[in-house]
Amino acid sequence: EEAGGGSSIEAMKANKRKHHLEMQEGIALFNTKPSKGIAFLQQQGKVGETAQQVAQFLKANPEGLLDRAMIGEFLGDPKEFHVSVMHAYVDAMDFAGMAFDEAIRHFLAGFRLPGEAQKIDRLMEKFAERFCKTNPRQFKSADTAYVLAYSVIMLNTDAHNPQVKVKMRKDEFLRNNRGIDDGRDLEAAFMEELYDRIVSNEIRMKGGAEGERASVKGAAGSLAAAQFGIDLLRNLLPRRRTEVGSEMSEDAIRSMQKKLRDQDGVDSEFVSVKGSECVRPMLEVIWPPLLACFSLPMEKSEDLARIQMCLDGFQLAIHSTAVHGLLTVRDAFVQSLAKFTLLHDPANMSRKNVDAIKVLVAVALEDGNNLQGAWVHLLKSVSRYDLVCQLAAGVMTDHDIFASSSPHARDARTMSSKLRSKATKAIHRLYSTSSQKTANGSKGALAAGEGKPLAWE
C-alpha cells in the first residue's frame, strides 16, 4: 500500500510538472506569436475552445506572464474568432457608474493598445459600445464615447509626453470636442473635470512605465498622426462622414503644422525597403498630415505647379488606400477632392477647380473598381457637373422640367437632348479656355453676371 501510495504521489508530481512546462511553453509561444500560442494551449487542453473561454484566459493572465502587448495584438486581429474573443473580453467588463476616464483606465488595464490604427479602431469601438450599454444615459450614442475616447488618449499623450513642449490647454481640448454628442456639445463642467483628471493623473497600464508611455504614445500616433486633431478625426470616422461641402478644421491644420515644426530636426533613421507589405501600416500613420498637405494649397494657393502636385498626390493617395483596403481613408481623400471641384459654387470656380474635376474623372476611370462606397462622392460631382452644363447653356434644369406646371414644360422635355448637346459644347469651351488661363488672381473660366446666366468665357 505504501509503495502504491508513493507511486501515486510521484505521478501527481510528474503531471504537475508536465502541466507547468506545457503552460510555460504555450505562454512563451503566445508572447511571440499569439495565435499559435493559443492554438498550442488549446491542443494541450489548457484553454477552452470557445471565444468566452479564451477571453477568460487572457483576462486572468496566469501569473501575469502573458505579454500585454501581445494580448492587445490578439484582441485587435480582424479574424472572426479573434473579434469574437475581443467582444467576449470587453463584454465581461462592467463600467456602470464609472467616470469616463476611469472606464478607459479599467479597459486598458489588461493589455496595451496595438500599433495599427484599424486594430485600435475595433477595440475603441467595442469599448464605446460597452460603456454606453452600461451607462445608457451618459451620451446620446456610442459614437460620442468613441470620439471622446480617442480625444482622451491624445490628451494623455500630449500632457505626459516630455517631448511635447507646448501642452494642450483646457480651452483647446473643449474646442476640439465641440459637437461630438450628435451635433451638440458635452457639458463644459464634465469636459473640464475630465481634462483636469487626465492632466493630473496619467493613464497607465499595468507593467513598466516606459512600456506604458510607448504604448499610449504609439497608439495616439497611429490614430491621429501626432496630434493632428480630433476635429478632423470626427469628420472622417466611418459612421460620421460629412457632406462634400464641409470645411476642414483650420484649428486641426494649424495644430498639425505646429507639431511638425516642433519635431523638426529630431534625429531619425531612414530605412529603404522593397515590397508592398509595409505600405499599408505607413499609410495608416501618415494619411492625416498628407491630407492636410494636399488640401491647404488647394484652398489657399493659385500656383499651378503646386496645385498640380497636390492633385497628383490626391490621385496617388486614393489609388494606394483603395488597393490596400483602407476604405475610410480612401473615402476621406475622395471626399476632399470632390469638394475642391467647387461644383457646388460654380461662380467662384478657377483653373485649379477645373483641374480637380479632371483628376476626379481620372480617378473614376482608373480606380473605379476599387471605389465601392466612395462612388457616392463622384456621382454627386457628376450630377453637379450636369447641372452646371444646363445653367451654362441657359436652359431649364432637370428640376425645372419635372417640377414645372407650365404648359411649356412638355416642349422643354422634348428639346432636352438637343439642349444637352449645346451644354456639352460649352463645357468643352470651358476646358479649352481654362487651359489658356494663368493663375494671376483671375476667377478663371467661370464668371457670374448680375441677373444673367453663367457666362463661360
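What counts and what doesn't
- Each chain has its residues counted from 1, following the order in which its sequence is written.
- For this predicted model, a pLDDT threshold of at least 70 governs which residues receive local features, and a threshold of 80 or more governs which side-chain atom pairs are given and counted, while totals over whole chains, interfaces and linings are taken from all residues.
- Only hydrogens and water are removed before side-chain values are computed, so all heavy atoms of the structure are retained for them.
- Put simply, DSSP H or I for four residues or longer makes a helix, DSSP E for two residues or longer makes a strand, and each gets a number counted from the N terminus.
- Residue burial is assigned from relative accessible area. The probe radius is 1.4 Å, only protein chains are included, and a residue is buried under 20% of its type maximum, exposed over 50%, and partly exposed in between.
- The contact rule is simple, with two residues in contact once any of their heavy atoms fall within 4.5 Å.
- For helices, the fitted line uses only the C-alpha atoms of the stretch in contact; every axis is such a line through C-alpha atoms, and the angle between N-to-C directions lies from 0 to 180 degrees.
- Orientation labels follow simple angle bins: below 35 degrees gives roughly parallel, above 145 gives roughly antiparallel, 65 to 115 gives roughly perpendicular, and whatever is left gives oblique.
- Here a crossing is called left-handed whenever its near helix is offset anticlockwise from the far helix by less than a right angle, and right-handed whenever the offset is clockwise.
- The nonpolar class holds Ala, Val, Leu, Ile, Met, Phe, Trp, Tyr, Cys and Pro. Asp, Glu, Lys and Arg form the charged class, and all remaining residues, Gly among them, are polar.
- Residues belong to a common nonpolar core when they are buried Ala, Val, Leu, Ile, Met, Phe, Trp, Tyr or Cys residues joined through side-chain atoms within 4.5 Å.
- The span expected for a helix works out to 1.5 Å for each residue beyond the first.
- The reported bend at a residue is simply the angle between two axes, fitted to the 7 residues ending at it and to the 7 residues beginning with it.
- Scored from 0 to 100, pLDDT records how confident the predictor is in each individual residue.
- The term salt bridge refers to a pairing of a side-chain nitrogen on Lys or Arg with a carboxyl oxygen on Asp or Glu at a separation within 4 Å.
- Pairing of aromatic rings covers Phe, Tyr and Trp, the last counted by its six-membered ring, and requires centre-to-centre distances within 6.5 Å; plane angles under 30 degrees mean stacked, over 60 mean edge-to-face, and any other angle means tilted.
- To sit over a ring, a charge needs its Lys NZ or Arg CZ within 6 Å of the ring centre and within 35 degrees of the ring normal.

**Brief notes about the overall build of the protein chain**
Part 1: The number of helices and strands found in the protein chain is 21 helices and zero strands.
Part 2: With 457 residues in all, the protein chain has 45% of them scored as buried.
Part 3: Partitioning the contacts of the protein chain with sequence separation of at least 6, the portion at a separation of at least 24 is 67%.

**Notes on the environment of Ala-117**
Part 1: In this fold, Ala-117 is placed in helix α7 (residues 117-134).
Part 2: Look at Ala-117 and you get buried, because its relative accessible area is 15%.
Part 3: Counting along the chain gives 41 residues from Ala-117 to Gly-76, while the straight-line C-alpha distance between them is 9.7 Å.

**Concerning the packing of helix α14 (residues 279-300) against helix α15 (residues 304-323)**
Part 1: The interhelical angle for the contact between α14 and α15, taken along N-to-C directions, is 150 degrees, at an axis separation of 9 Å. The angle between α14 and α15 falls in the class roughly antiparallel. The handedness of the crossing between α14 and α15 comes out as left-handed. Every residue of α15 that contacts α14 at Leu-283, Leu-291, Cys-293, Phe-294, Ser-295, Pro-297 and Met-298 is listed here: Arg-306, Ile-307, Cys-310, Leu-311, Gly-313, Phe-314, Ala-317, Ser-320 and Thr-321.
Part 2: Split into classes, the residues belonging to the contact of α14 with α15 amount to 11 nonpolar, four polar and one charged.

**Focus on the nonpolar core**
Part 1: Grouped together as the largest cluster of nonpolar side chains are 59 residues, with contacts concentrated most on Leu-58, Phe-100, Phe-107 and Leu-148.
Part 2: Counting residues per element, this core draws most heavily on helix α8 (residues 142-160), which supplies nine residues.
Part 3: Setting aside residues up to four positions removed in sequence, Phe-107 forms contacts with Val-90, Met-93, Phe-95, Leu-123, Met-124 and Phe-127.
Part 4: Counting 27 residues, the second-largest nonpolar core is a separate cluster that includes Cys-310, Phe-314, Ala-317 and Leu-371.

**With respect to α14**
Part 1: Here α14 spans 30 Å end to end across 22 residues, near enough to the 32 Å set by a 1.5 Å rise per residue.
Part 2: Along α14, the largest kink reaches about 55 degrees and is centred on Ile-286; proline Pro-288 follows within four residues of it.
Part 3: Residues of α14 that are buried: Leu-283, Glu-284, Trp-287, Pro-288, Pro-289, Leu-291, Ala-292, Phe-294, Ser-295, Pro-297 and Met-298.

**With respect to the confidence of the model for the protein chain**
Part 1: The predicted model of the protein chain has a mean per-residue pLDDT of 75, with 68% of residues at 70 or higher.
Part 2: Here residues 415-423 is a poorly scored stretch, pLDDT under 50, and it has eight contacts once near neighbours within four places are set aside; other chains count.
Part 3: For the stretch residues 433-457, pLDDT sits under 50, and the model shows 43 contacts to residues farther than four places along the chain or on other chains.

**Let's talk about unusual backbone geometry**
Part 1: In this structure, Leu-342 takes a positive phi of about 60 degrees despite not being glycine.
Part 2: Mapped onto the elements of the fold, Leu-342 is located in the loop between α16 (327-339) and α17 (351-367).
Part 3: The backbone of Gln-372 shows a phi angle near 50 degrees, a positive value even though the residue is not glycine.
Part 4: Tracing the chain through its elements places Gln-372 in the loop between α17 and α18 (375-392).
Part 5: Here Gln-372 falls in the exposed class, since its relative accessible area comes to 51%.

**A look at the pattern of salt bridges**
Part 1: Taken as a whole and judged by the stated rule, the model has 16 salt bridges.
Part 2: Lys-126 is the partner of Asp-91 in a salt bridge, and the nearest nitrogen-oxygen pair spans 3.0 Å. Of the two residues, Asp-91 sits in helix α5 (residues 80-91) while Lys-126 sits in helix α7, which places them 35 residues apart along the sequence.
Part 3: With a relative accessible area of 36%, Asp-91 lands in the partly exposed category.
Part 4: For Asp-171, the salt bridge goes to Arg-169, with nearest N and O atoms at 3.0 Å.

**Quick word on the packing of aromatic side chains**
Part 1: On inspection of all chains with the given rule, the structure shows 18 aromatic pairs.
Part 2: Relative to Phe-74, the ring of Phe-30 lies with its centre 6.3 Å away and its plane at 45 degrees, an arrangement referred to as tilted. Of this pair, Phe-30 sits in helix α1 (residues 2-30) while Phe-74 sits in helix α4 (residues 68-76), and the two are 44 residues apart along the sequence.
Part 3: You can call Phe-30 buried: its relative accessible area is 0%.
Part 4: Exposure remark for Phe-74: the relative accessible area of 2% places this residue in the buried category.
Part 5: When the ring of Phe-100 is compared with that of Phe-131, the centres are 5.1 Å apart and the planes differ by 85 degrees; the resulting orientation is edge-to-face. With Phe-100 in helix α6 (residues 100-107) and Phe-131 in helix α7, this pair connects stretches of sequence that are 31 residues apart.
Part 6: Taking the relative accessible area as the measure of exposure, Phe-131 reaches 0% and is therefore buried.
Part 7: Through a chain of ring-to-ring contacts, three or more aromatic side chains come together here, namely Tyr-89, Phe-95, Phe-100, Phe-107, Phe-111, Phe-127, Phe-131, Phe-139 and Phe-190.
Part 8: Taking NZ or CZ as reference, Lys-59 lies 4.8 Å from the ring centre of Tyr-89, over its face.

**Concerning the environment of Asp-171**
Part 1: On the secondary structure map, Asp-171 appears in helix α9 (residues 170-176).
Part 2: Note: C-alpha distance between Asp-171 and Met-191 (20 residues apart in sequence) is 9.9 Å.

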